[in-house]
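# Working through the structure, step by step
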Amino acid sequence: MWYDTLVCNCVQTTFLGVCNMENENQKKVILSGIQPSGELTLGSYLGAIKNWVKLSDEYECYYMLADLHSITVRQNPADLRRRTLTQIAAYIACGLDPEKNTIFIQSHVPAHAELGWVLDCYTMFGELSRMTQFKDKSAKNADNINAGLFTYPALMAADILLYQADLVPVGEDQKQHVELTRNLAERFNNRYGDTFVIPEPLVSKVGAKIYSLQDPTKKMSKSEENPKGTIDLLDEPAVARKKIMSAVTDSLGIIQYDPEHQPGVSNLLTILSSLNGESIESIVERYKGKGYGDFKKEVGAAVFDFLSELQAKYKEILSSGMVEQVITEGNEKARRSAHKKLMKVKKKVG
Ligand code: ATP
Ligand code: LTN
């Protein structure tokens, strides 16, 4: 069923878009992904996967491993192959239930690359040039500013639009790409009639951006060179605790949430609050008049406990052999769903 303008419960699909909710019982659709460009970090968990888990009951969720995106930066083939399994195992260990979510590999669903190409032809050079991630990554990889790095957001738009996603849970840094996806979907719909659902970014209030422990003005990132700034989900818990203890703070000696003047302390507050569920205000209240040492100890202990529990589950999942089966089933379901939309697009384009 197609809608022009219509008021329904689904977010933002009333404007020049297709509505997913043909009847009230149909769930809204979620899609998101993470590149296997390095070991998953606490930032990947708090900024993305933790929120994915919360959405599983209420929405129809597609969560992928964005391997096509990851080769925009040079990857070691053996590492990439290994991470294809381990990252999915980590998704499950973080709480993603394969029974409730479709978990799949982007490159195993050819429709992504196909729609990506079609969307390339509707994306303007100027739009792509304005993307912050492109500028950042070009600066970091000055010897390899390839066409894939440039057109990365159009492939991401294809990922989202193929599944008619209403909502795209991402960290703050990916909002710009979702905005571009909305523009592309509207552009296509304007020209060919309603085809795509117009998606909305879903950015959580706490944890939307976790910063490097060594340079708290920079995002904690999988591909970060300095291991002291990043907590990998597979770091030895005791090593991770040490990293928290040596996190950069400041000389003010007050525990308060002030990202502009105290980015390090604010980052630690965000981490603790995201892990233990306590509000930042309440943590600040508890630490009134106390020093950074005790505070860091508590954050370190929370990280230690979190990683210990996660890693025990991760090992069990990897050795159970379930990952291959989850991928096979997820790929199949994703392929079926994506193929339908791709066929519609091909027909429309001619
Ligand atoms: P890379 O180092 O390859 O650029 P990355 O670690 O920055 O990767 P992505 O794969 O780009 O992470 O991001 C996956 C998802 O996790 C995105 O939704 C992103 O917004 C979120 N995310 C990643 N790092 C963080 C972080 N430090 N804080 C909050 N969210 C994050
Ligand atoms: N670009 C995203 C990863 C990604 C993604 C997506 C996220 C690729 N395709 C589709 C949401 C929806 C990143 O985190 N760097």
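Residues numbered from 1 in each chain as written. Chains lettered and ligands numbered in written order. Predicted model: local features only at pLDDT ≥ 70, side-chain atom pairs only at ≥ 80, totals over all residues. Heavy atoms only, no water.

Turning to the overall build of the protein, a few remarks are in order. In terms of regular secondary structure, the protein is built from 13 helices and five strands. Here the C-alpha radius of gyration of the protein, 21 Å, is about what a compact globule of 350 residues would show, namely 20 Å. Projected onto its principal axes, the C-alpha positions of the protein cover 65 × 50 × 45 Å. In the protein, which comprises 350 residues, the proportion classed as buried is 53%. Within the protein, counting contacts between residues at least 6 apart in sequence, those at least 24 apart form 73% of the total. Carbon and sulfur atoms provide 53% of the accessible area of the protein, an area that totals close to 16,300 Å². (Helix = DSSP H or I, 4+ residues; strand = E, 2+ residues; numbered from the N terminus. Rg over C-alpha atoms; globule rule 2.2 N^0.38 Å. Buried < 20%, exposed > 50% of the residue type's maximum accessible area, 1.4 Å probe, protein only. Contact = heavy atoms within 4.5 Å. Areas by Shrake-Rupley, 256 points an atom, 1.4 Å probe, with all protein chains shown as cover.)

Counting buried positions over the six residues of strand S2 (residues 60-65) gives five, a clear majority of the element. In this structure, strand S1 (residues 29-34) lies alongside S2, joined through six bridges in parallel fashion. For Leu31, the partnering residue across the bridge sits in S2 and is Tyr62. With five bridges connecting them, S2 and strand S3 (residues 101-105) associate as parallel partners. Pairing of Tyr62 across the sheet is with Thr102, part of S3. (Pairing = 2+ DSSP bridges.)

Turning our eyes to something else, we now look at the site of ligand 1. Neighbouring ligand 1 are 20 residues; Ser37, Lys137, Asp173, Lys219 and Ser223 lie closest to it. A distance of 2.5 Å separates an oxygen atom of ligand 1 from a polar atom in the side chain of Ser37. Between ligand 1 and the protein, one listed contact pairs an oxygen atom with a side-chain N or O atom of Asp173 at 2.6 Å. Examining the composition of the shell around ligand 1, we find that three residues originate from one element, helix H1 (residues 42-55), more than from any other. Along the lines of polarity and charge, the residues of the shell around ligand 1 split into six nonpolar, nine polar and five charged. (Near = heavy atom within 4 Å. Polar contact = N/O pair within 3.5 Å; in protein donor to acceptor, adjacent residues only side chain to side chain. Nonpolar A, V, L, I, M, F, W, Y, C, P; charged D, E, K, R; others polar.)

This part is about the pattern of salt bridges. The final tally for this structure, using the stated rule, is 17 salt bridges. Across the pair Arg83 and Glu39 runs a salt bridge whose closest N-O atoms are separated by 3.5 Å. Of this pair, Arg83 sits in helix H3 (residues 77-93) while Glu39 sits in the loop between S1 and H1, and the two are 44 residues apart along the sequence. For Arg83, a relative accessible area of 8% corresponds to the buried category. (Salt bridge = Lys/Arg side-chain N within 4 Å of Asp/Glu carboxyl O.)

What follows is about the site of ligand 2. As a matter of local geometry, ligand 2 sits amid 15 residues, with Met64, Tyr152, Met156, Asp159 and Gln174 nearest to it. A distance of 2.6 Å separates a nitrogen atom of ligand 2 from a polar atom in the side chain of Asp159. At the level of elements, S1 and helix H7 (147-162) are the ones that each hand at least two residues to the shell around ligand 2. If one sorts the elements of the shell around ligand 2 by residue count, H7 sits on top with four residues.

When two helices pack together, their arrangement is given by the angle between the helix axes and the distance between those axes. The interhelical angle for the contact between helix H9 (residues 237-245) and helix H12 (residues 292-320), taken along N-to-C directions, is 155°, at an axis separation of 8 Å. Taken together, the axes of H9 and H12 are roughly antiparallel relative to one another. Like other packed secondary-structure pairs, H9 and H12 cross with a definite hand, here right-handed. Counted together, Pro237, Ala238, Ala240, Arg241, Ile244 and Met245 of H9 and Gly293, Lys296, Lys297, Val299, Gly300, Val303, Phe304, Leu307, Ser308 and Gln311 of H12 form the full contact between these two elements. Residues belonging to the contact of H9 with H12 are distributed by class as follows: nine nonpolar, four polar and three charged. (Axes fitted to C-alpha atoms, helices over the stretch in contact; angles between N-to-C directions. Parallel < 35°, antiparallel > 145°, perpendicular 65-115°, else oblique. Left-handed = near helix turned anticlockwise from the far one by under 90°.)

Time to look at the nonpolar core. Ranked by size, the top nonpolar core spans 56 residues in total, and within it Ile88, Tyr91, Phe295 and Val303 carry the most contacts. The element best represented in this core is H12, accounting for 10 residues. Val29, Leu31, Phe104 and Ala154 belong to the second-largest nonpolar core, a separate cluster that totals 40 residues. (Core = buried A, V, L, I, M, F, W, Y, C linked by side-chain atoms within 4.5 Å.)

Here the focus is the packing of aromatic side chains. Overall, the coordinates contain 12 aromatic pairs when judged by the stated rule. Taken together, a centroid distance of 4.4 Å and an interplanar angle of 5° make the contact between Trp52 and Tyr63 stacked. Highlighted residues: Trp52 in helix H1 and Tyr63 in strand S2, separated in sequence by 11 residues. The pair formed by Trp52 and Tyr63 is uniform in burial state, with each residue classed as buried. Aromatic side chains Tyr287 and Phe295 sit 5.3 Å apart centroid to centroid with 70° between the ring planes, which places their arrangement in the edge-to-face category. The exposure class assigned to Phe295 is buried, which follows from its relative accessible area of 1%. Taken together, the ring pairs in this structure connect Tyr122, Phe188, Tyr192 and Phe196 into an aromatic cluster. The aromatic ring of Tyr287 is capped on one face by Lys290, whose charged end is 5.6 Å from the ring centroid. (Phe/Tyr/Trp six-rings, centres within 6.5 Å; stacked < 30°, edge-to-face > 60°. Lys NZ or Arg CZ within 6 Å of the ring centre and 35° of its normal.)

Everything listed is a geometric property; what it means functionally is a separate question.
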